[in-house]
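# What the coordinates show
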Amino acid sequence: MKPVIVVHGGAGRIFKEREEGSRAGVVRAALQGYGILKQGGSALDAVEEAVRSMEDDPHFNAGHGSVLNEKGEVEMDAIIMDGKNLDSGAVSAVKCIANPIKLARLVMEKTKHMLLTDRGAHLFAQGMGIPETPGEKLITERSRDRWKKNLEPDSNPEEFQKDLGTVGAVAIDSEGNVACATSTGGLSNKLIGRVGDTACIGSGGYADNRSGATSTTGHGESIMKVVLARLILYHMEQGMSPEMAADTALDYMKTRVGGLGGVIVVNNSGEWAARFSTKQMSWATVKDDQLHYGIYTGERHTKSVDEALASESEGF
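Just so it is clear, the structure is predicted and the values come from calculations on it, not from any experiment. (Residues numbered from 1 in each chain as written. Predicted model: local features only at pLDDT ≥ 70, side-chain atom pairs only at ≥ 80, totals over all residues. Heavy atoms only, no water.)

### Topic: the packing of helix α2 (residues 43-55) against helix α3 (residues 100-110)
In a pair of packed helices, the angle between the axes and the distance between the axes together describe the arrangement. Where α2 meets α3, the closest approach of the two axes is 8 Å, and the angle between their N-to-C directions is 150 degrees. One way to sum up the angle between α2 and α3 is to call them roughly antiparallel. Residues Leu 44, Asp 45, Glu 48, Val 51, Arg 52 and Glu 55 of α2 pack against Pro 100, Ile 101, Lys 102, Arg 105, Met 108 and Glu 109 of α3. Looking at the contact of α2 with α3 residue by residue, the classes come out as five nonpolar, no polar and seven charged. (Axes fitted to C-alpha atoms, helices over the stretch in contact; angles between N-to-C directions. Helix = DSSP H or I, 4+ residues; strand = E, 2+ residues; numbered from the N terminus. Parallel < 35°, antiparallel > 145°, perpendicular 65-115°, else oblique. Contact = heavy atoms within 4.5 Å. Nonpolar A, V, L, I, M, F, W, Y, C, P; charged D, E, K, R; others polar.)

Take a look at the structure:
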């Protein structure tokens, strides 16, 4: 099986001054994940590494760069899933952790549970020896400015929600195993303790070797109402291609509950799709040593992996 990885950096509106950084960030993540797959590594390791790369990149609403809740704190959600045996691990409302995706993987592999939240997740992280990162270190100037703007009496937090940045990855490895991973800082100025779709299996992501894997982004409450990730795989089980399954599910979410979003998909034969109903979504994929990436509908740049790695080392 030829390995494939697809990543997204969030669906919504990407402000002009952030476009280049978003493109570079998803390309870097896809190349890092693909590097693992090319050496015979697992889909699980590849998606975790790709998401970790984006959690460390302040351009995205995950890890360092997460938006702030109503009290000005970072609370993050993440999920990872193994398509081989349907094992999954997730964390929600976690604070002071640089890479929630790593913690989600530990929940999957070191506990009998699938989802740990808030204080329990924090205690588990301590027990696993994950270093604590002071909350301020995860906060960017942009997130703090946005939080302050949203506190103003005439502000419209809904307007800012369009500039989301949940990150995710899906992959299939040379053994034919699929996996997905998704991570987010959630909604700006959300209520304390609000958990969106990302940490919920079947909504923020789903992976099953029998059909494929998907990771979602967009309006979390809408995604949860239609269980978007699982819905896409259901359509693929009925014989749809990844692209058609993604479009059909996104269209249903839009018409049924008025929600917009984006998805990345890979099926169990290595076909992939990156689709969205929002204005933009940063995405990148590598298949057959070819990198493809874009942000706008219809935008698709292509480079060889060697060319991309060369320009990556020169600073994209």
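### A look at a nonpolar patch on the surface
Taken together, Met 114, Leu 115 and Ile 201 make up a surface patch of nonpolar side chains, about 250 Å² in accessible area. Mapping Leu 115 onto the fold places it in strand β4 (residues 115-117). Residue class for Leu 115 comes out partly exposed when judged on its relative accessible area of 44%. (Patch = residues over 30% accessible without salt bridge, like charges linked within 9 Å, V, L, I, M, F, W, Y side chains within 5 Å. Areas by Shrake-Rupley, 256 points an atom, 1.4 Å probe, with all protein chains shown as cover. Salt bridge = Lys/Arg side-chain N within 4 Å of Asp/Glu carboxyl O. Buried < 20%, exposed > 50% of the residue type's maximum accessible area, 1.4 Å probe, protein only.)

### With respect to the packing of aromatic side chains
Counting across every chain of the model gives one aromatic pair. With a centroid separation of 5.6 Å and an interplanar angle of 35 degrees, the aromatic rings of Trp 272 and Trp 283 are classed as tilted. Of the two residues, Trp 272 sits in strand β10 (residues 272-276) while Trp 283 sits in strand β11 (residues 280-287), which places them 11 residues apart along the sequence. No difference in accessibility class separates Trp 272 from Trp 283, as the two residues are buried. (Phe/Tyr/Trp six-rings, centres within 6.5 Å; stacked < 30°, edge-to-face > 60°.)

Don't take any of this as a statement about function, it's just geometry.
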